[in-house]
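So you can see what is in the structure, the chains are spelled out below.
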Amino acid sequence: MEKWFEASWTSIIAILLTSLGIYIAIILFTRIAGKRSFSKMSSFDFAMTVAVGSIIASTILSKSVSLLQGIVGLAAVYILQISAAFLRRWTWVQKAIDNSPLLLMDRQTILHKNLKKARVTESDLRSKLREANVLDLSQVRAVIFEATGDISVLHTSEEDRELEDWLTKDVMR
């Protein structure tokens, strides 16, 4: 148990300086790559977040990883992220990297098969409808499980108003 609290002043100063260096590198790289690096957009972005966290932890806490090696590792991950952003312009790359949105409700019809596929319960669905201030299911035009994991509710108080096809483009039915 004593080993848990052992540390030399040299190692503590090294951790503090490495933390400062890696912190500055993260801010710099994130400013270059943009906010998207840490947003919840796709599984690739999630992998990016995990990779950055791992590099930060290894660089700060491991004696075998130098600050320069940590910064190079961060740069490589950010370069991959920026490359993926450019490659997403091709549909096949976008489909490989990103999830597709999924229709959970088509007007008043709950699509139970899609709820199951998205691992969303009816209780989750009701909660989202309440958050969107849906007072009556006749107001619902569509409920979509977005590629980010968010649930969007498209609704109106006007029953005869149609949903534009453009809003549901690429949504799996």
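Residues numbered from 1 in each chain as written. Predicted model: local features only at pLDDT ≥ 70, side-chain atom pairs only at ≥ 80, totals over all residues. Heavy atoms only, no water.

Chemist: What am I meant to see in the environment of aspartate 136 here?
Modeler: One can find aspartate 136 in the loop between α6 (122-131) and β3 (140-145). Owing to a relative accessible area of 42%, aspartate 136 belongs among the partly exposed residues under this scheme. Residues aspartate 136 and histidine 155, 19 residues apart in the sequence, show an inter-C-alpha distance of 9.9 Å. (Helix = DSSP H or I, 4+ residues; strand = E, 2+ residues; numbered from the N terminus. Buried < 20%, exposed > 50% of the residue type's maximum accessible area, 1.4 Å probe, protein only.)

Chemist: Before we go on, may I ask you to explain the pattern of salt bridges in this structure?
Modeler: Within the structure shown, the criterion is met by two salt bridges. As a salt-bridge pair, arginine 126 and glutamate 122 come within 3.7 Å of each other at their nearest N and O atoms. Of this pair, arginine 126 and glutamate 122 both sit in helix α6, four residues apart, which is roughly one turn of the helix. Judged by relative accessible area, arginine 126 falls into the partly exposed class, the value being 44%. Residue lysine 128 pairs with glutamate 131 through a salt bridge whose shortest N-O separation is 3.3 Å. Here lysine 128 pairs with glutamate 131, and both are found in helix α6, just three residues apart, close to one helical turn. Among the residues examined, lysine 128 registers a relative accessible area of 27% and is labelled partly exposed. (Salt bridge = Lys/Arg side-chain N within 4 Å of Asp/Glu carboxyl O.)

Chemist: Would you mind going over the sheet that holds strand β4 (residues 151-155) with me for this structure?
Modeler: To summarise the sheet geometry, strands pair through backbone hydrogen bonds and adopt either a parallel or an antiparallel arrangement. With respect to topology, four strands assemble into an open sheet ordered β2-β1-β3-β4, the strand pairing being antiparallel. Two strands in the sheet have a free side with no partner beyond their single neighbour: β2 (109-110) and β4. One ladder, built from two bridges, connects strand β1 (residues 102-106) with β2; its direction is antiparallel. Its bridge partner being in β2, aspartate 106 is matched across the sheet by threonine 109. (Pairing = 2+ DSSP bridges.)

Chemist: Quick question: what am I supposed to make of the pairing of β4 here?
Modeler: In regular strands, side chains alternate between the two faces of the sheet. In this structure, β3 lies alongside β4, joined through five bridges in antiparallel fashion. Its bridge partner being in β4, isoleucine 144 is matched across the sheet by serine 152.

Chemist: Sorry, what's going on with the nonpolar core here?
Modeler: Here is a general trend for soluble globular proteins: nonpolar side chains tend to be buried in one another's company. Grouped together as the largest cluster of nonpolar side chains are 14 residues, with contacts concentrated most on Leu104, Leu129 and Val143. For this core, the secondary-structure elements that each account for two or more residues are β1, α5 (112-118), α6, β3 and β4. The element contributing the most residues to this core is β1, with three residues. Here leucine 129 is in contact with Met105, Val134, Leu137, Val140, Val143 and Val153, once residues within four sequence places are set aside. Within the second largest apolar cluster, eleven residues are counted, among which are Ile26, Ile55, Val77 and Tyr78. (Core = buried A, V, L, I, M, F, W, Y, C linked by side-chain atoms within 4.5 Å. Contact = heavy atoms within 4.5 Å.)

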